[in-house]
Amino acid sequence: MPDSVPIQWLARPSAQASARPASQNYQRHIHLLYSPTLGCNLSCRYCYLGEQTSSAQIKQDAERAVATLTHALAKLEEAQVLAFNVSLHGGEVTVMPPAVLEQMFSLISDYYLQHFDALHALGHKKNAPHIKTNLFKFASQYDLLCKHKVSVSASIDLPLALHGKYRTTRSGADWLEKTIENLRLLAKYPHPKKISATISKEHLADIPAFINDIWYIHRELGFDMNQFNLMFAFASDLNQQEQGALVLEPASKTEQLALYEALHAEFIGTELEDGLRRNWFDEFKPSYCTNAYNCGERFYLLQSDGSVYSCVRGQGIAEFCYGNIFKDSIETILANGARQIATIHQQYGLDSDCGSCSHLSLCHTGCPVVKFQSKQAKSYTCDLQKHIYRDNPLSYPADTPARQQAYLRAYTHGLHPALAMQQALQQTQQQTPAASVQLPNDLYQDKNTLAALIAQDEVLQSLYSAQVFFLELQEEIVPLSSQLLKTNSTHYIIAQGDRCVIHLPRALFAVACDEPVRNTLYLQMLRDTLVEYGDEQRSKQAHLFTWQLYADFLRPSDKMGTDYVMTDLAPLLAMHRDLFLPGVLNNLFFTTQYLRDYHYQKQKQNAFYHIQAINLPFQNLEFFYL
Ligand code: SF4
Ligand code: SF4
């Protein structure tokens, strides 16, 4: 009987604290199933526990059942973990002696009472034990169950004829008549109760009979079938080993849908519509563990031998065993759960349908045990789920494309990190350089303009100043400006023998330079014949020569006053006259060695400066030489 766990009791961390130890601020909240024994008094054809139900040592289980649960609850308390639901599951719980059942019921009720405040703060109203049972001993234990107000979930087969055929006693006997009597009794049971049925392919061979028996139980046996839910069988190795050729085949996705449609056609508009829409297909909705992001973070099953498994579906499967309460710490067991379930999801990968599904954030791709058994990455009830989502668009809205993509990214990073890394690598490899020049957006912020950068830097102010280099050309004094800042350009004509003297303030040699004696007047002569330079293969004016004169060897200026120095450039130009071509512009830059060094240092330190001062920034003179 594959069974999964409702998630609606899931707790959110409580902000409240209490002085009572049992109302401490719990770090984790978990759903705990307790399976005191794997032993069972029936021999159901599709039982996924396999031979564990017959080999269990029921006597030994009974002797330790209460002690193990007591130990586990104490250990959880110590680890600040609150079990917000403690439910009993089999095998068959009711094969335990009444005295043991009584103690377990009391233990669970006491636990709920002791933790009333914490549970109440979490919105949890549960106050009585809950058992899953095959009803075989229901009549004999009726009073005991009543006394402890136990909530009962009974498993049957539908159509009922198959209950007789597949849900037999250990000796293979049909006990359908007794089941029917117990269902009548269950109908009168005054505490919470429900019925569940697990469906295989054969159960759907006669859907009218299936429907008739729902009405029969509801109308004639008096059990309110609004409190009903169904599950679908899935392939299980342990079941296969036990049943061999007799194993029942799971219903196909089409058959699951056919049942969904048939039940809607029959029961919409009847007194069972509420149950149909609210409960019957609950297991396939986001409120169940099967839709959890990672069920190993919240759902655990404890056996009386101390073993902790994922749940009833995982019992007896090594991959779903998280440890033992007598040997391992709670922290280790919980961490193993999350890690092992993530590993199972990763093992089967992310199905492309799930990757593009607008309900991934609700479904999370299904139960890991079923994935493990069926070796598929996608929920075995995917199509059915999509019908449920379609029919309830307000309850289960589809994600918008943007949210779907965002959730998929987060889901892949969280649960499939290797896949996320692989995708990131592929994207990197597929990236081709943009066809257009990419400039950073913040290049255009005011604080990053060249003017702003100069305004923030005193050295740059000298470097770019239009009041430091004055060229005396014949009778004229020409103040030189930075080629980057000037808004127009003037082309001069210099003939051999013309007066050509540069004047500059002596103080300029002290800018960005601790020892001006080491500084030089630095001239660079370029010519407007293009050459390609460097890694970027830029076409630039050709460099003709560089000339430096140490600061101490400039003469006092005869035109600009005592604070200025000068040097005659006419001989320098005359010496290089062969380099100056007719009709070709020449470009002479003026700076000092230390200002030039400062410019290149600034380029390294500030990308915004670099990109805007990619051409020479110094004061210049453009001229033709005759
Ligand atoms: S493996 Fe996880 S999802 Fe599947 S039934 Fe168990 S707890 Fe639920
Ligand atoms: S494709 Fe199906 S299994 Fe995958 S997330 Fe969507 S509903 Fe779930």
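Residues numbered from 1 in each chain as written. Chains lettered and ligands numbered in written order. Predicted model: local features only at pLDDT ≥ 70, side-chain atom pairs only at ≥ 80, totals over all residues. Heavy atoms only, no water.

**Q** Sorry if this is basic, but what is going on with the overall build of the protein chain here?
**A** Counting its secondary structure elements, the protein chain contains 23 helices and 21 strands. Out of the 626 residues belonging to the protein chain, those deemed buried represent 55%. Carbon and sulfur atoms provide 52% of the accessible area of the protein chain, an area that totals close to 28700 Å². Of the side-chain charges in the protein chain, 52 are positive and 62 negative, and the distance between the mean point of each set is 4 Å. (Helix = DSSP H or I, 4+ residues; strand = E, 2+ residues; numbered from the N terminus. Buried < 20%, exposed > 50% of the residue type's maximum accessible area, 1.4 Å probe, protein only. Areas by Shrake-Rupley, 256 points an atom, 1.4 Å probe, with all protein chains shown as cover. Lys, Arg positive; Asp, Glu negative; His and termini not counted. Charge placed at Lys NZ, Arg CZ, Asp CG, Glu CD.)

**Q** Just checking my understanding: could you explain the sheet that holds strand β3 (residues 81-88) for this structure?
**A** Adjacent strands of a sheet form backbone hydrogen bonds with each other and so pair up, either parallel or antiparallel. If you walk across this open sheet you meet the 9 strands as β8-β7-β5-β4-β3-β1-β9-β10-β11, and the pairing is mixed. Each edge of the sheet is formed by a strand with only one pairing partner; in this case those strands are β8 (228-232) and β11 (321-324). Neighbour-to-neighbour, the strand axes of this sheet turn through a mean angle of 25°, independent of strand direction. Sheet topology note: the strand β9 (residues 299-303)/strand β10 (residues 307-309) ladder contains 2 bridges and is antiparallel. Residue pairing for β10: L302 is matched across the bridge by V308. (Pairing = 2+ DSSP bridges. Axes fitted to C-alpha atoms, helices over the stretch in contact; angles between N-to-C directions.)

**Q** Sorry if this is basic, but what is going on with the sheet that holds strand β15 (residues 500-505) here?
**A** Spatial ordering of the open sheet is given by β13-β12-β15-β19-β18, a layout of 5 strands whose pairing is antiparallel. Edge positions in the sheet fall to β13 (476-479) and β18 (555-556), since each of these pairs with one other strand and no more. Pairing geometry for β15 and strand β19 (residues 564-568), over 5 bridges, is antiparallel. Looking at the pairing, V501 lines up with D568 of β19.

**Q** Can you help me understand unusual backbone geometry in this one?
**A** With an omega dihedral of -5°, the bond running from L158 to P159 counts as a cis peptide bond. With respect to the helices and strands, the residue P159 is situated in the loop between β5 (151-156) and α6 (160-166). Although it is not a glycine, L135 sits at a positive phi angle of roughly 75°. Mapped onto the fold, L135 is located in the loop between β4 (130-133) and α5 (142-147). A positive phi angle is found at T365, which is not glycine, with a value near 75°. Take T365: it is sitting in the loop between α14 (360-363) and α15 (368-374).

**Q** What is the right way to read the site of ligand 1 from this model?
**A** Around ligand 1 sit 10 residues in total, of which C289, C295, C311, R313 and C367 are the nearest. For the shell around ligand 1, the residue count by class is 7 nonpolar, 2 polar and 1 charged. (Near = heavy atom within 4 Å. Nonpolar A, V, L, I, M, F, W, Y, C, P; charged D, E, K, R; others polar.)

**Q** Got a minute to help me understand the pattern of salt bridges in this structure?
**A** Should the charged atoms of two oppositely charged side chains come close, the side chains can pair. Tallying each qualifying case throughout the model produces 20 salt bridges. Where D282 meets K285, a salt bridge forms, and the shortest distance between an N and an O atom there is 3.9 Å. Judged by its relative accessible area of 6%, K285 falls in the buried class. Salt bridges here are not isolated pairs; linked through shared partners, they connect E472, R499, D558 and K559. (Salt bridge = Lys/Arg side-chain N within 4 Å of Asp/Glu carboxyl O.)

**Q** Which parts of the structure should I look at to understand the pairing of β8?
**A** Regular strands have side chains that alternate between both faces of the sheet. Where burial is concerned, most of β8 is hidden: 5 out of the 5 residues are buried. Burial of the side chains of β8 extends over both faces: F228, L230 and F232 are buried on one face and N229 and M231 on the other. In terms of strand pairing, strand β7 (residues 193-199) meets β8 through 5 bridges, oriented parallel. What sits directly across from T198, in β8, is M231.

**Q** Teacher, can you tell me more about the layout of surface pockets here?
**A** The space that makes up the second largest pocket amounts to roughly 370 Å³. Residue assignment for the lining of the second largest pocket shows that the elements contributing at least two residues are β16 (520-533), β17 (538-550), β20 (586-592) and α22 (593-605). Tallied by class, residues from the lining of the second largest pocket come to 7 nonpolar, 10 polar and 4 charged. (1 Å grid on protein atoms, 1.4 Å probe; cavity = no way out; pocket = protein on both sides within 12 Å on 5 of 7 lines; lining within 4 Å. Points joined across faces, edges and corners; volume = space filled by probe spheres on them.)

**Q** For this particular structure, what's the right way to read empty space enclosed by the protein?
**A** Which parts of space are left empty comes out when a probe the size of a water molecule is rolled across the atoms. All chains considered together, the criterion is met by 6 cavities of 30 Å³ or more. In this model, the largest cavity occupies a volume close to 110 Å³. Looking at the largest cavity, it is lined by 13 residues, and the ones nearest its centre are C354, C357, C363, C382 and K386. Mapped by element, the contributors of at least two residues to the lining of the largest cavity are α13 (352-355), α14 and α16 (382-391). Class assignment for the residues of the lining of the largest cavity results in 6 nonpolar, 4 polar and 3 charged.

**Q** Teacher, can you tell me more about a nonpolar patch on the surface here?
**A** A contiguous nonpolar surface patch, about 430 Å² in accessible area, is contributed by V437, L439, Y444 and I611. As for its placement among the helices and strands, V437 is situated in the loop between α18 (417-430) and α19 (450-455). On the basis of relative accessibility, which here comes to 73%, the residue V437 falls in the exposed class. (Patch = residues over 30% accessible without salt bridge, like charges linked within 9 Å, V, L, I, M, F, W, Y side chains within 5 Å.)

**Q** What's the story with the confidence of the model for the protein chain in this structure? I'm lost.
**A** Interpretation of the predicted coordinates at a detailed level should be avoided for regions scoring low in pLDDT. The pLDDT averaged across the protein chain works out to 90; a share of 93% of its residues lies at or above 70. Here helix α1 (residues 52-55) is the element of the protein chain with the lowest mean pLDDT, 66, and β11 is the one with the highest, 98. Note on residues 8-20: pLDDT under 50 across the span, and 25 contacts to partners over four residues away in sequence or across chains. (pLDDT = per-residue confidence, 0-100. Contact = heavy atoms within 4.5 Å.)

**Q** Hey, could you run me through the site of ligand 2 in this one?
**A** Taken together, the residues surrounding ligand 2 are D353, C354, C357, L360, C363, K378, S379, C382 and K386. With respect to the pocket detection grid, ligand 2 is positioned in the largest cavity. Sorting the residues of the shell around ligand 2 by element identifies α13, α14 and α16 as the ones contributing at least two each. Looking at the shell around ligand 2 residue by residue, the class counts come to 5 nonpolar, 1 polar and 3 charged. (Sits in = over half its atoms within 2 Å of the grid points.)

**Q** Help me out: how do you make sense of α22 in this one?
**A** It helps to recall that an α-helix has 3.6 residues per turn; residues three or four apart then point in one direction. For α22, built from 13 residues, the straight-helix expectation of 18 Å at 1.5 Å per residue is met to within 8% by its first-to-last C-alpha distance of 19 Å. Buried within α22 we find L595, R596, H599, K602 and Q603. End-on view of α22: buried residues confined to an arc of 120°, all on one side of the axis. Exposed residues on α22 whose side chains face more than 90 degrees from its buried face are K604 and Q605. Structurally, α22 contributes buried residues whose contacts are with α20 (458-464), β16, β20 and α23 (607-612). (Expected span 1.5 Å × (residues − 1). Arc of directions from axis to C-beta.)

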